[in-house]
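In case you want the letters, here they are:
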Amino acid sequence: MANAFKGVYDHFLWSSKRKAYVRNVEKAKKYKCILCAIRNNKLESRVLYKGRDYFVLMNIFPYNLGHLMVVPNKHVTDFMKLDKRLLCSLMVGVQKAMKLIKYTYKPDGFNIGLNIGEYGGASIKHLHWQVVPRYKREAGFMEATADTRVVPETLDQIEKDLLKNVSKVWKK
Ligand SMILES: [Zn+2]
């Protein structure tokens, strides 16, 4: 059995979580908005904090260790129509997400962004801020040669590490 594919593939990459992921993607297709479905606990995800105006979750395809997203609870799609109060509250959320990452992973920099419109790279219409920590040493062999991002920790472990610091950032 081990040699059944001999001569067909040189390498196999075993991904035990793939099946659960595919199942979740299939389930996600049922919902008009993935982020609303996550907010309403209809879809599995890694939400770290839920507040009055926004929630914070891990990006499950992280660009880097600790990559988070800050998402308004309300299904808002037009940045220009955000009222000042909500906008301020969301920016505080972004600031706190940065703080959480700083406490946990001490990055050397950040990229913070909002993708707007199909041609702006927005795959989900529901507005959400990407909070991406940057590290001095992050591009290695795989990035340079194989178009592959290496995240040096499992999502489970990252979630555990971040959750430890959540109460330091969002005090009750
Ligand atoms: Zn939505």
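Notes on the structure follow. (Residues numbered from 1 in each chain as written. Predicted model: local features only at pLDDT ≥ 70, side-chain atom pairs only at ≥ 80, totals over all residues.)

A look at the packing of helix α3 (residues 84-105) against helix α5 (residues 155-169)
Relative orientation and spacing of two packed helices are given, respectively, by the angle between their axes and the distance between those axes.
And then number 1: With their axes 9 Å apart at the nearest point, α3 and α5 run at an angle of 125 degrees to one another. Here α3 lies oblique to α5, going by the angle between them. Considering the relative orientation of α3 and α5, their crossing is right-handed. Where α3 abuts α5, its residues K96, K99, L100, Y103 and T104 lie against D161, L162, N165, V166, K168 and V169. (Axes fitted to C-alpha atoms, helices over the stretch in contact; angles between N-to-C directions. Helix = DSSP H or I, 4+ residues; strand = E, 2+ residues; numbered from the N terminus. Parallel < 35°, antiparallel > 145°, perpendicular 65-115°, else oblique. Left-handed = near helix turned anticlockwise from the far one by under 90°. Contact = placed C-beta atoms within 7 Å.)

Let's talk about α3
And then number 1: Between the first and last C-alpha of α3 there are 31 Å, a value that for 22 residues agrees with the 32 Å anticipated at 1.5 Å per step.
And then number 2: For α3, the complete set of buried residues consists of L90, G93, V94, K96, A97, L100, I101 and T104. One side of α3 carries all its buried residues, which in axial view fall inside an arc of 165 degrees. Opposite the packed face of α3, turned more than 90 degrees from it, sit the exposed residues K84, R85 and C88.
And then number 3: Residues of α3 that are buried in the fold lie against β2 (54-58), β3 (68-72), β4 (109-114), β5 (129-134) and α5.
And then number 4: Two residues or fewer past α3, K106 is found with a positive phi of approximately 45 degrees. (Expected span 1.5 Å × (residues − 1). Buried ≥ 20, exposed ≤ 12 C-beta atoms within 10 Å, placed from the backbone. Arc of directions from axis to C-beta.)

Re α5
And then number 1: If you check α5, its first and last C-alpha atoms are 20 Å apart, about what 15 residues at 1.5 Å a residue would give, namely 21 Å.
And then number 2: The sharpest bend along α5 measures roughly 30 degrees and falls at L163.
And then number 3: Those residues of α5 that sit buried are I158, L162 and V169.
And then number 4: If you follow the buried residues of α5, they end up packed against β1 (47-50), β2 and α3. (Bend = angle between axes of the 7 residues up to and from the residue.)

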